[in-house]
Amino acid sequence: MVSIDVWNASVDFPIFDAKSRSLKKAVLNKAGGKIGTDSKVPVIEALRDINISVAHGDRVGLVGHNGAGKSTLLRLLSGIYEPTRGHSRIVGKVAPVFDLGVGLDPEMNGIENIMIRGLFLGMTRKQMESRVDEIAEFTELGDYLSMPLRTYSTGMRVRLALGVVTSIDPEILLLDEGIGAVDASFLAKARDRLNDLVKRSGLLVFASHADEMLMELCTKAIWMDKGQVRMQGPIRDVLTAYKGRDPYEHMSQEAMERLGHGSPASAPAGEGA
Ligand SMILES: Nc1ncnc2c1ncn2[C@@H]1O[C@H](COP(=O)(O)OP(=O)(O)OP(=O)(O)O)[C@@H](O)[C@H]1O
């Protein structure tokens, strides 16, 4: 069974090159995290005293304003960052999907990149060989698949990356919001694959600013605020507290239907929790 536990964890970023007073001031003014002032080197306290337990079957959305600590928390949960203080324990193999473009090589062709990206996400060569045709078909990139990636448009790269990402079998799936920022029409096509991917994964943590995607993929949520957990609970309750209004109120009819509700008025409180 997969799980992630974090106890009293903090993550600091010392800013060694912030030498001048004005630069320190600029960092202090702009950053979303809290800046420690005790030492000569400014330290951004990106996460403070985090206590989180995520278990097999959990689908957790991460919400919060820019700089609140969502991406840093995902990196802590993936094991990429060690806590500066406190502890974390990750049981299971993590597929971190933070940037759709990571792991792609501009000189390799589309098919080669599908293979490489799949291996990077923890799949075996055999698994990827048996899936590559299906992924290639999904991308609709045709002859481009034999061309170097540097000849692709941004949207074409996203199609390729999304095709691979949605084909994997992750134990622990950590998604950063980039995946929600892809072309709307292609995302509509990828939606079923994304839903299936989430169902296949043992555990999901998904950082996003897109309410509808959060409601669709997650049942619980964590609200990050200035590097701390402000609230944890059922997705609808957390989004309502974070936004100051029920997320169902302004949802499109199409989204309501996708989420399994005929009309906003019929949406039950705490749905999916
Ligand atoms: N590598 C880093 N070096 C220094 N500071 C960092 C680093 N990564 C993040 N931070 C700081 O940590 C804080 C949290 O950043 P993080 O990227 O986790 O926020 P976020 O909630 O994901 O924001 P967004 O919604 O804008 O993506 C911010 O103050 C940010 O400036």
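Residues numbered from 1 in each chain as written. Predicted model: local features only at pLDDT ≥ 70, side-chain atom pairs only at ≥ 80, totals over all residues.

## Concerning the sheet that holds strand 10 (residues 228-234)
Test applied: Between any two strands, pairing holds if DSSP finds at least two bridges. Under the scheme used here, helices are H or I runs from DSSP no shorter than 4 residues and strands are E runs no shorter than 2 residues, and both carry numbers assigned from the N terminus. Interaxial angles span 0 to 180 degrees and are taken between N-to-C directions of axes, which are lines fitted to C-alpha atoms, for helices over the stretch in contact. C-beta atoms are placed from the backbone for every residue, and two residues are taken to be in contact when these atoms lie within 7 Å.
Across the sheet, which stays open at both edges, the 6 strands sit in the order 6-7-8-4-9-10 with mixed pairing between neighbours. Among the strands making up the open sheet, the edge pair consists of strand 6 (94-97) and strand 10. For this sheet, the mean angle separating the axes of adjacent strands, direction not counted, is 15°. Each of strand 4 (59-63), strand 6, strand 7 (172-175), strand 8 (203-207) and strand 9 (220-225) is contacted by helix 2 (residues 70-78), which is oriented at about 155° to strand 8, the strand it contacts most.

## Topic: the pairing of strand 8
As a reminder, the rule being used: Counting other C-beta atoms within 10 Å of a residue's C-beta gives its exposure: the residue is buried at 20 or more, exposed at 12 or fewer, and partly exposed in between, where C-beta atoms are placed from the backbone.
Within strand 8, 5 of the 5 residues are buried, leaving the element largely enclosed by the surrounding structure. Alternating positions in strand 8 separate into two faces, Leu203, Val205 and Ala207 on one and Leu204 and Phe206 on the other, with burial throughout. By the bridge criterion, 4 bridges tie strand 4 to strand 8 in an arrangement that is parallel. Looking at strand 8, one finds that Leu62 is bridged to Ala207.

## Focus: the nonpolar core
Rule in force here: Nonpolar cores are identified as sets of buried Ala, Val, Leu, Ile, Met, Phe, Trp, Tyr and Cys residues joined via C-beta atoms within 7 Å.
Judged by nonpolar contacts, the single largest core of 64 residues is most densely connected at Leu62, Leu174, Val205, Phe206, Leu214 and Ala221. The element contributing the most residues to this core is helix 5 (residues 154-165), with 6 residues. The contacts of Leu62, once residues within four sequence positions are left out, are Lys70, Leu73, Leu74, Val205, Phe206, Ala207, Ile222 and Met224.

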